[in-house]
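Now for the letters of each chain:
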Amino acid sequence: MINTIIKQTNMLYKSCCRLFLLFAAVAFTLNTNAQKNASTEAKINALIKKMTLEEKVNMIHASSFFTSGGVSRLGIPKLVLSDGPHAVRSDTGTYLPVGTCLAATWNPKLGYEFGSVLGSEANFHGKDVILGPGINIIRSPLNGRNFEYESEDPYLVSRMVVGYINGVQDQGISACVKHFAVNNMETNRFNVNVNLTERALREIYLPGFKAAVTEANVNTLMGSYNKVRGQWASQNSYLLNQILKKEWGFKGFVMSDWGAVHNTIEAIWNGCDLEMGTDLNQRPHRDYSKFFMGDTVVNLVRSGRIDESVINEKVRRILYVMFKTNMIDGVRKKGESNTKAHQQTALKVAEEGIVLLKNDNKILPLSSSVKTIAVIGFNAERKQAMGGGSSQAKAFYEVTPIEGLRNAGGNKINITYNQGYKIERGATADDLLIMQAAEAASKADVAIVVGGWTHGFNYSVWSDNAYDAEGYDKPDMHMPFGQDELIKAVLKANPKTVVVLMGGGPIDMTQWINNVPAILQAWYPGMEGGNALAKIIFGQVNPSGKLPMTFPKILEDAPSQKLGITSKDLMQLYYTDDIYVGYRYFDTYKVEPQFAFGHGLSYTTFEYSNLKIQAGKKNTTITFTLKNTGSVPGAEVAQVYVKQEKSTLPRPEKELKAFEKIFLQPGDSKLVKIVLDENAFHYYNDIENKWVMENGVYDIMIGASSRKIKLNGKVKL
Ligand code: BGC
């Protein structure tokens, strides 16, 4: 008895000691952080005190195309910026897959690895800020810049963006989340005024940015080119001062997009902290002091029209980021460029991001009896890295699809190549090229057509091949360059045809989809893309990508076309599609898509079972079992959608509120546990102007896509 009491007393003593040590450690960390913050603040104050007005103003505008002004006498460096978002643009290095491919992995851990590569290479090349991630919502299939962005769904964007930013910033480099906000088209991006409801703004277009600020503490943010409700976004008081800085507590600095500042007073008052890229028409030499936020600001302060404290606040934000990233008073990481590990990240993202859209009769992976393959299509041998506009990448190398297939096939498989079509805007089907391609297909065991969209190389003019490109939207969703005719002829010659589509988003497949047994969506898959594709085609990798956007059958089905007004000539754009973006529209209005949001096939099969839902005081806990019932290892993205049965304001048929990517060996199963907090159930009531959570019954749907719901349950809150 006494022994037991002594034992228990000892245990209690040990636990108390542990608890004490834990408290002490937490208190110490908090204290050290507080001290560090206080001393940084003191240093910032001291520097600002020493600066002349001219020196301060010099810091809030560019000093070259990609630098801001520094104050060398006080040891304040220039900021060196580089695009983004899937490579360090200015230098030769790792070329990662584009944003849509990253989002298609539905793997936030890969987002982190992706960001780490960029951060590390930025360090290596002496950059301070990476101009990425780009996270504008994919609203219309035509947006020329969709490839750079991530998804139509704000929740998926939020999860991926936090990983990316943490990855970059853990390397001591600043990320720059862009383009804030509602910049969802390229044609007319410089002169369009977007009108939208507060609800659409809050529920669809802002959550990704909010997560970047409140969860990932992003250091910098870029305002966009367009106007929002009548005021330019890069000098928009409601977006920058009210929402970003006041509501979300953003501590870093706002830079304008290149040339997005239009006048001094609005930019200064409305929250822009750094003006970049203004075109002064002063070639070849620019006088940067003539920027809107240059000499004019000095005059306005001197004449008493602007208080110097407003300028101090901007300088303070820039200095805060400089101290945070060890640009002043600190040691920076050295970083590495284009290492094997970085290339492996590029490969992994491509392997997990390429989506198997269709696979009739399990034609993929190709069986070992396949001895000859006819590869057809310009995209099979086209390098894409330098396309797209400001996101172009100087790839150290780029494995094209044909190279990847040859690497994987070795000398066991005979691979032929035919171009099949010419890349030329407006080009119609080329009969000779089609005939040659069909002939090659007829002699092969399998034909693989690699086509789809292309990147443009020159984004300052509407170049012949600029489909996925900054500055211009696609004119329609039809396959360019006569590819429909090509695919139909190849199919006729050999029904065993696989179509691989490159591009930032959907393309009209209606002319041939019913006859093609297998389709892969490959996006622009980066420097290792060809290898990733070949590994999927030959079955060394089991595809696990899922669409981060809905693929409509035809353009006319897309809500932004039907409900919004996107005419090229209209400067007033009304988002009458409101919150019904992507699957929120297709599922609510019961329009059959070609491929649903979240869709993606695997070489194995998964079984969902045993759904249990438990409502707690704060959280709702969901559990279910996922089993790999096939014969190869694979990963499934289990998606949790929520629907409120009866709400005061109309709500979509379903909304993604959680997901998990689960890797399983054949025969293995996992009990998946997902906890939903209040955010999963609320919506923005723009009559009351606040987020509300209403009591009532909510449907919980667990699916393999937004249209393939495997388990249904309900919870009463
Ligand atoms: C783009 C930005 C880019 C900047 C600098 C602008 O035209 O919109 O995304 O970061 O140029 O290249």
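What counts, and where the lines are drawn
Residues numbered from 1 in each chain as written. Predicted model: local features only at pLDDT ≥ 70, side-chain atom pairs only at ≥ 80, totals over all residues. Heavy atoms only, no water. Pairing = 2+ DSSP bridges. Helix = DSSP H or I, 4+ residues; strand = E, 2+ residues; numbered from the N terminus. Axes fitted to C-alpha atoms, helices over the stretch in contact; angles between N-to-C directions. Buried < 20%, exposed > 50% of the residue type's maximum accessible area, 1.4 Å probe, protein only. Salt bridge = Lys/Arg side-chain N within 4 Å of Asp/Glu carboxyl O. 1 Å grid on protein atoms, 1.4 Å probe; cavity = no way out; pocket = protein on both sides within 12 Å on 5 of 7 lines; lining within 4 Å. Points joined across faces, edges and corners; volume = space filled by probe spheres on them. Domains from an automatic or database assignment. Nonpolar A, V, L, I, M, F, W, Y, C, P; charged D, E, K, R; others polar. Contact = heavy atoms within 4.5 Å. Buried area = accessible area lost by both parts, 1.4 Å probe. Near = heavy atom within 4 Å. Polar contact = N/O pair within 3.5 Å; in protein donor to acceptor, adjacent residues only side chain to side chain. Areas by Shrake-Rupley, 256 points an atom, 1.4 Å probe, with all protein chains shown as cover. Arc of directions from axis to C-beta. Parallel < 35°, antiparallel > 145°, perpendicular 65-115°, else oblique. Left-handed = near helix turned anticlockwise from the far one by under 90°.

Student: Tell me about the sheet that holds strand β25 (residues 697-705), and please be specific about residues and values.
Tutor: Pairing between the strands of a sheet comes from backbone hydrogen bonds, and it takes one of two forms, parallel or antiparallel. With antiparallel pairing, the four strands of this open sheet are ordered in space as β21-β20-β25-β26. Of all strands in the sheet, those bounded by a partner on one side alone are β21 (655-664) and β26 (708-716). Strand after strand, the sheet turns through a mean of 20° between neighbouring axes, direction not considered. Taken together, the eight bridges between β25 and β26 define a ladder with antiparallel strand orientation. Bridging across to β26, Val697 finds its partner in Lys716.

Student: Break down the pairing of β25 for me, citing the residues and quoting the values.
Tutor: Counting buried residues along β25, eight of its nine residues qualify, which places the element largely inside the surrounding structure. In this antiparallel pair of consecutive strands, β25 and β26, the connection spans two residues.

Student: Just give me the short version of the pattern of salt bridges, but keep the residues and values in it.
Tutor: For the coordinates displayed, the defined rule picks out 45 salt bridges. Of the charged contacts, one joins Arg73 and Glu55 as a salt bridge, the two residues approaching to 2.7 Å between their closest N and O atoms. Linking Arg73 in the loop between β2 (67-68) and β3 (81-83) with Glu55 in helix α2 (residues 53-59), this pair joins segments that are 18 residues apart in sequence. Among the residues examined, Glu55 registers a relative accessible area of 16% and is labelled buried. Its salt-bridge partner being Arg651, residue Glu655 comes within 3.2 Å of it at the nearest N-O pair. Here the salt bridges share partners, and the residues they tie into one network are Arg145, Glu148, Glu186, Arg189 and Glu470.

Student: Which residues make up the layout of surface pockets, and what values do they have?
Tutor: Any empty space left between the atoms is revealed when a probe the size of a water molecule rolls over them. Computed from the structure, the largest pocket encloses a volume of approximately 950 Å³. As for the largest pocket, its lining consists of 33 residues, of which Asn37, Thr40, Lys251, Tyr320 and Lys324 are closest to the centre. Counting residues per element, the ones that place at least two in the lining of the largest pocket are α1 (2-50), α5 (154-169), α7 (207-214) and α11 (308-324). No fewer than three residues from each of domain 1 (1-38) and domain 2 (39-324) sit in the lining of the largest pocket. In this structure, the second largest pocket occupies an estimated 710 Å³ of space. What lines the second largest pocket is a set of 26 residues, among which Tyr155, Ser158, Pro207, Asn679 and His682 lie closest to the centre. Put simply, the parts of the chain that give the lining of the second largest pocket at least two residues each are α5, α6 (198-205), α7, β21 and β22 (669-676). Of the residues contributing to the lining of the second largest pocket, the split by class is twelve nonpolar, four polar and ten charged. Per-domain counts for the lining of the second largest pocket show at least three residues from each of domain 2 (39-324) and domain 4 (606-716).

Student: Explain the domain arrangement of the chain residue by residue, including any values.
Tutor: According to the domain assignment, the chain contains domain 1 (1-38), domain 2 (39-324), domain 3 (340-548) and domain 4 (606-716). The C-alpha-based centres of domain 2 and domain 3 are spaced at 34 Å. Every contact between the two is made by 45 residues of domain 2 and, on the other side, 45 residues of domain 3. The contact between domain 2 and domain 3 buries some 3500 Å² in all, and 58% of this surface belongs to carbon and sulfur atoms. When residues of domain 2 are sorted by the area they lose upon contact with domain 3, Arg89, Tyr95 and Leu142 head the list and together hold 22% of the total. Here domain 2 and domain 3 share two salt bridges between them. The set of elements that each furnish at least two residues to the side of domain 2 that touches domain 3 consists of α3 (99-104) and α4 (108-124). Take the side of domain 2 that touches domain 3: its biggest share by element is six residues, from α4. When grouped by side-chain class, the residues that make up the side of domain 2 that touches domain 3 number 19 nonpolar, 15 polar and eleven charged.

Student: Quick one: what's the story with the site of the ligand, residue by residue and with numbers?
Tutor: Lining the immediate surroundings of the ligand are 14 residues, of which Asp83, Arg145, His179, Asp257 and Glu470 lie closest. Interatomic distance of 2.7 Å between a side-chain N/O atom of Arg145 and an oxygen atom of the ligand. At 2.8 Å from an oxygen atom of the ligand is found a side-chain nitrogen or oxygen belonging to Glu470. In isolation the ligand offers 310 Å² of accessible surface; the protein chains occlude 96% of this area. A breakdown of the residues in the shell around the ligand according to their chemical character gives five nonpolar, two polar and seven charged.

Student: Report on the sheet that holds strand β6 (residues 193-195), specifying residues and quantitative values.
Tutor: The four strands lie next to each other as β9-β8-β6-β17, forming an open sheet whose pairing is mixed. One side of each edge strand has no neighbouring strand; the edge strands of this open sheet are β9 (231-232) and β17 (572-574). For strand β8 (residues 227-228) and β9, the ladder comprises two bridges, and the chain directions are antiparallel. If you follow Lys227 over to β9, its bridge partner there is Trp232.

Student: Explain α6 to me, and be specific about the residues and the numbers.
Tutor: Of all eight residues making up α6, eight are buried, and the element is well covered by its neighbours. Burial in α6 covers these residues: Glu198, Arg199, Ala200, Leu201, Arg202, Glu203, Ile204 and Tyr205.

Student: Requested: an account of helix α15 (residues 483-493), with residues and values cited.
Tutor: Among the residues making up α15, those that are buried are Gln483, Asp484, Leu486, Ile487, Val490 and Leu491. With its buried residues spanning 160° around the axis, α15 presents them on a single face. On its buried side, α15 packs onto β12 (372-376), α14 (431-443), β14 (446-452) and β15 (497-502).

Student: Describe the packing of α4 against helix α12 (residues 340-353), with residues and values.
Tutor: For the pair α4 and α12, interaxial distance at closest approach is 10 Å and the crossing angle is 150°. The angle between α4 and α12 places the two elements in the roughly antiparallel class. You can see that α4 and α12 cross each other, and the crossing is left-handed. Across the interface between the two elements, Leu110, Glu113, Phe114, Val117, Ser120 and Glu121 from α4 touch His342, Thr345, Lys348, Val349 and Glu352 from α12.

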